[in-house]
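Inside the fold
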Amino acid sequence: MASADTSWPEENFTCSICLDVFSSPVSTPCGHNFCRTCITKFWDGQVKYKCPVCNKLFNTRPDLRVNILISEMVDRFGTSLRVKEQLCVEPGEVPCDVCTGTQLKAVKSCLMCLTSYCQTHLEPHHRVAGLKKHRLVEPMDRLDDRMCKKHDRLLELFCQTEQVCVCQFCTVTDHKSHPVIPLKEEYEVKTAQLGKIEAEVKQLIQERQKNIQEIKDTVKRSKADADREIADGVQVLTALMRCIEKCQDDLNQMVKEKLKSTEKQAEDLIKELEQEIEDLTNRISEVKQLSHTKDHLHFLQAFRSLKDPPPTRDWTTVEVHPPSYVGTLRRSLDQLEETLNMEMKRLRDDAELKRVQQYEVDVTLDPDIAHPKLILSEDGKRVHNGGVEKRLPDNPKRFTRYACVLTRQSFSSGRFYFEVQVKDKTLWSLGVARESIDRKDWTDRTPETGYWTLYYYQDELVFRDNRSVLLPLRAELQKVGVFVDYDEGLVSFYDVEARVHIYSATGCTFSEPLYPFLYPGSPDYKGNNSAPLIISPVNQTD
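Below, the structure is looked at part by part. (Residues numbered from 1 in each chain as written. Predicted model: local features only at pLDDT ≥ 70, side-chain atom pairs only at ≥ 80, totals over all residues. Heavy atoms only, no water.)

Describing the pattern of salt bridges
Note the cut-off: By salt bridge we mean one thing: a side-chain nitrogen of Lys or Arg within 4 Å of a carboxyl oxygen of Asp or Glu. The way it works is that DSSP assigns letters per residue, a run of H or I at least four long becomes a helix, a run of E at least two long becomes a strand, and they are numbered from the N terminus. Remark: exposure states derive from per-residue accessible area (1.4 Å probe, protein chains only) relative to the maximum for the residue type, with buried under 20%, exposed over 50%, and partly exposed in between.
Applying the stated criterion to the full structure yields 19 salt bridges. A salt bridge links R355 to E229; the shortest N-O distance between them is 2.2 Å. Of this pair, R355 sits in helix α7 (residues 328-357) while E229 sits in helix α5 (residues 183-291); the two residues are 126 residues apart in sequence, bridging distant segments of the chain. The partly exposed category is assigned to R355, whose relative accessible area is 29%. Each of D350, K354 and R499 takes part in salt bridges that share partners, so that together they form one network.

Written out as structure tokens, the structure reads:
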């Protein structure tokens, strides 16, 4: 018997409906072949029965018969055709453990064989009776990891006590008294927790990103501080070099002037001596000339004039004293030291003021706690004493004795700075106060009672303390800067226009919020001190 032609086109073995290798092939009366299931389902949805290939209509639903020839050909060559249809394994897919050479994609894994199979190598599990009892699952990689190392059984349960995967045998041995649930249930529980874990991880990432940004900002600020420090240093040292150069010029000028004075004195004396020498030389000539005269009368008449010598100075008491330079250099250096100290303090104060001005805060006065005599501007930046006490709502935090006011804003850490204009005022006080100050009774405004303030009255400026500190006034104050370093316990005051440091209270202890404090003082009968205290924006000057 002639062998079957295995070179037939593959389409001769495929159903034109499902496009797969025939399964239980049947023929229609018109001679076309289909899978029994495919043509049955196709006609189940039709009113009229026709061939899907040639569209031939049938009066009644045809009685389908198995195509024996096609069935035998499929049985003989179908396996090889299916192999061709199978895809090679791609990255991330489970490969067949049996394939040699080109590995095909596994379609099932056997938990008994611990092997993954492609469609071809899986065929014995569908055919052999003993293999049909094996448990087939969707393809899995690392099957060995899915088996219990102790009992060689599938890990399909989860021990809630020890939080590990176990097999059925584990539940009657090592985990006998432990609650266990199917892996799927624990999977669903853990899956529900993933959102929380993801959120927590994202939070940790954000915190670290924030830390990175803070470090970068710190480095940026450090660089800016370094650049500013270098610029300030160059400015200070340049100014000091100018002072030294001026001192050197002054010293040179002083020494040269002393030398010039000595040289002028010597020159005048030499001229006088030379004139006397010339007069005396002329006298000698007259004497010689007279000595040759034989005329007795002329001799005697001329001799009378020779008896009186020309006027001359007593040079025994005359001398030129060389200039003394002893102490000149010392006095010059003393003056230089004084100038340098003044210049260094000025430059240091100026640089310090620039630094603290960086901590400027925007503060506004609080009308709800201001004394009833005070009048505040709408923007909360100005305050003056109107002299008349207004009727205001009762507020336990309102000042009722001193005509004072605090800002709305308080500070409990870090650094802050603000400036207050005091121009044209004869009485005022300003600084900071703690939150718990007594606002109803008379009390000394000192650090002990919660105030750190400057007080100005009748051209005297003091820092209010148990023993007030009298401070020097260089010129009329126009604007005062207040800087507080809460953590370091420091309160400093500055003359903003003169750009000099006025006073610093150090070693302060702060344990509650601090508020900027203003006391504008009362006007007198002449209207003096009626100008307001003004919280001003910082205007840095180079």
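Here we look at the layout of surface pockets
Rolling a probe over the atoms, with the probe sized like a water molecule, indicates the empty space that remains. The line we're drawing: Throughout, the protein atoms alone are placed on a 1 Å grid, and a set of points is a cavity if a 1.4 Å probe fits but cannot get out or a pocket if it is open with protein on both sides within 12 Å along at least five of seven lines; lining residues have an atom within 4 Å of a point. Grid points are joined across faces, edges and corners, and a volume is the space filled by probe spheres set on the points. Residue polarity follows a fixed list, in which Ala, Val, Leu, Ile, Met, Phe, Trp, Tyr, Cys and Pro are nonpolar, Asp, Glu, Lys and Arg are charged, and the others, Gly among them, are polar.
One number sums up the size of the largest pocket: a volume of about 300 Å³. In this structure, the largest pocket is lined by 13 residues; those nearest its centre are M140, R146, L154, L155 and L183. Grouping the amino acids of the lining of the largest pocket by side-chain chemistry returns 8 nonpolar, no polar and 5 charged.

Considerations on the packing of aromatic side chains
Quick note on the threshold: Pairing of aromatic side chains here covers Phe, Tyr and the six-membered ring of Trp, requires ring centres within 6.5 Å, and sorts the geometry by plane angle: under 30 degrees stacked, over 60 edge-to-face, intermediate tilted. Only when the NZ of Lys or the CZ of Arg is both within 6 Å of the ring centre and within 35 degrees of the ring normal is a charge said to sit over the ring.
This model, assessed by the stated rule, comprises 12 aromatic pairs. Judged by centre distance (5.5 Å) and plane angle (15°), the ring pair of W428 and Y456 falls under stacked. On the criterion of sequence distance, the pair formed by W428 in strand β16 (residues 427-434) and Y456 in strand β17 (residues 451-457) is long-range, its members being 28 residues apart. Centroid distance F463 to F493: 6.1 Å. Interplanar angle 55°. Geometry classified as tilted. Note that F463 is positioned in strand β18 (residues 460-463) and F493 in strand β21 (residues 490-495), a separation of 30 residues in sequence. Taken together, the ring pairs in this structure connect W43, Y49 and F58 into an aromatic cluster. Over the aromatic face of Y519 sits the side chain of R445, whose NZ or CZ is 4.8 Å from the ring centroid. The positively charged end of R464 is found above the aromatic ring belonging to Y455, 5.0 Å away from the centroid.

Describing the environment of D441
As for its position among the elements, D441 is in the loop between β16 and β17. Classification of D441 as partly exposed rests on a relative accessible area of 41%. Here the alpha-carbon distance between D441 and T400, two residues 41 residues apart in the chain, equals 7.6 Å.

What to know about the packing of α5 against α7
Operational definition: Lines fitted to C-alpha atoms define the axes here, with helix axes fitted over just the stretch in contact, and angles between the N-to-C directions of these axes take values from 0 to 180 degrees. The cut-offs work like this: below 35 degrees is roughly parallel, past 145 is roughly antiparallel, 65 to 115 is roughly perpendicular, and the gaps in between are oblique. Helix crossings are classified by the rotation of the near helix relative to the far one: an anticlockwise turn of less than a right angle makes the crossing left-handed, while a clockwise turn makes it right-handed.
Put simply, α5 and α7 touch, their axes get as near as 10 Å, and they point 160° apart. One element, α5, and the other, α7, form an angle in the roughly antiparallel class. The handedness of the crossing between α5 and α7 is right-handed. Broken down by class, the residue content of the contact of α5 with α7 amounts to 15 nonpolar, 4 polar and 7 charged.

Concerning empty space enclosed by the protein
What the rule picks out here adds up to 1 cavity of 30 Å³ or more. For the largest cavity, the calculated volume is near 30 Å³. For the largest cavity, the full set of lining residues is V422, D424, K425, W428, Y456, E476 and L477. Across the lining of the largest cavity, the residue classes break down as 4 nonpolar, no polar and 3 charged.

Re the sheet that holds strand β10 (residues 164-166)
Pairing between the strands of a sheet comes from backbone hydrogen bonds, and it takes one of two forms, parallel or antiparallel. Worth spelling out the cut-off: Each pair of strands is called paired provided DSSP finds at least two bridges between the two strands. Residue contacts follow a heavy-atom distance rule, with two residues in contact if any of their heavy atoms lie within 4.5 Å.
Strands sit in the order β10-β9-β11 across an open sheet of 3 strands; the sheet is antiparallel. Of all the strands in the sheet, just β10 and β11 (180-182) have a single pairing partner and so form its edges. Averaged over all adjacent pairs, the angle separating strand axes in this sheet is 40°, with direction ignored. Bridge count for strand β9 (residues 157-159) against β11 is 3 bridges, and the pairing is antiparallel. Note on β11: the bridge partner recorded for C159 is V180. Its contacts with the sheet put α5 on β9, β10 and β11, and the angle it makes with β11 is roughly 90°.

Side note on a nonpolar patch on the surface
Under the convention used in this document: Every patch collects residues that have over 30% relative accessible area and no salt bridge, joining them within 9 Å if they carry like charges and within 5 Å if they are nonpolar side chains (Val, Leu, Ile, Met, Phe, Trp, Tyr). Accessibility throughout is a Shrake-Rupley quantity obtained with a 1.4 Å probe, and a residue counts as covered only by protein chains that appear here.
Nonpolar side chains collect at one region of the surface, where L194, I197, V201 and I205 lie side by side and expose about 330 Å² of accessible area between them. Mapped onto the elements, I197 comes out in helix α5.

Quick notes on the sheet that holds strand β5 (residues 65-66)
Pairing is antiparallel in the open sheet, where 3 strands are placed in the order β2-β1-β5. A single partner strand is all that each edge strand has here, and the edge strands are β2 (33-35) and β5. Of the strand pairs in this sheet, strand β1 (residues 25-27) and β2 are connected by 3 bridges, and their pairing is antiparallel. Its bridge partner lying in β2, V26 is registered against F34.

Concerning the environment of T400
Mapped onto the elements, T400 comes out in the loop between β13 (382-385) and β14 (405-406). Judged by relative accessible area, which is 38%, T400 ranks as partly exposed. Counting along the chain gives 59 residues from T400 to D459, while the straight-line C-alpha distance between them is 28 Å. Each residue touching T400, except ones within four places of it in the same chain, is listed here: H371, R439 and K440.

Digging into α5
Rules: What a helix is expected to span follows from its residue count: subtract one and scale by 1.5 Å. A residue's bend is simply the angle between two axes: one fitted to the seven residues ending at it, one to the seven starting at it.
Along its 109 residues, α5 runs 156 Å from first to last C-alpha, staying within 8% of the 162 Å computed at 1.5 Å per residue. L194 marks the point of greatest bend in α5, at about 30°. Among the residues making up α5, those that are buried are E186, D232, A239, L240, C243, C247, L251, T262, L269, E276, R283 and L290. Contacts from the buried residues of α5 go to β9, β11, α6 (296-306) and α7.

Focus: the nonpolar core
In plain terms, the rule: Think of a nonpolar core as a cluster: buried Ala, Val, Leu, Ile, Met, Phe, Trp, Tyr and Cys residues, connected wherever their side-chain atoms sit within 4.5 Å.
Membership of the largest hydrophobic core comes to 49 residues, with the highest contact counts inside it found for W428, W452, L454, V480 and V491. If sequence neighbours within four positions are ignored, V491 has contacts with V432, W452, F483, V484, Y503, S504, A505, C508 and F510. One finds V21, F34, W43 and V74 within the second-largest nonpolar core, a separate group that totals 16 residues.

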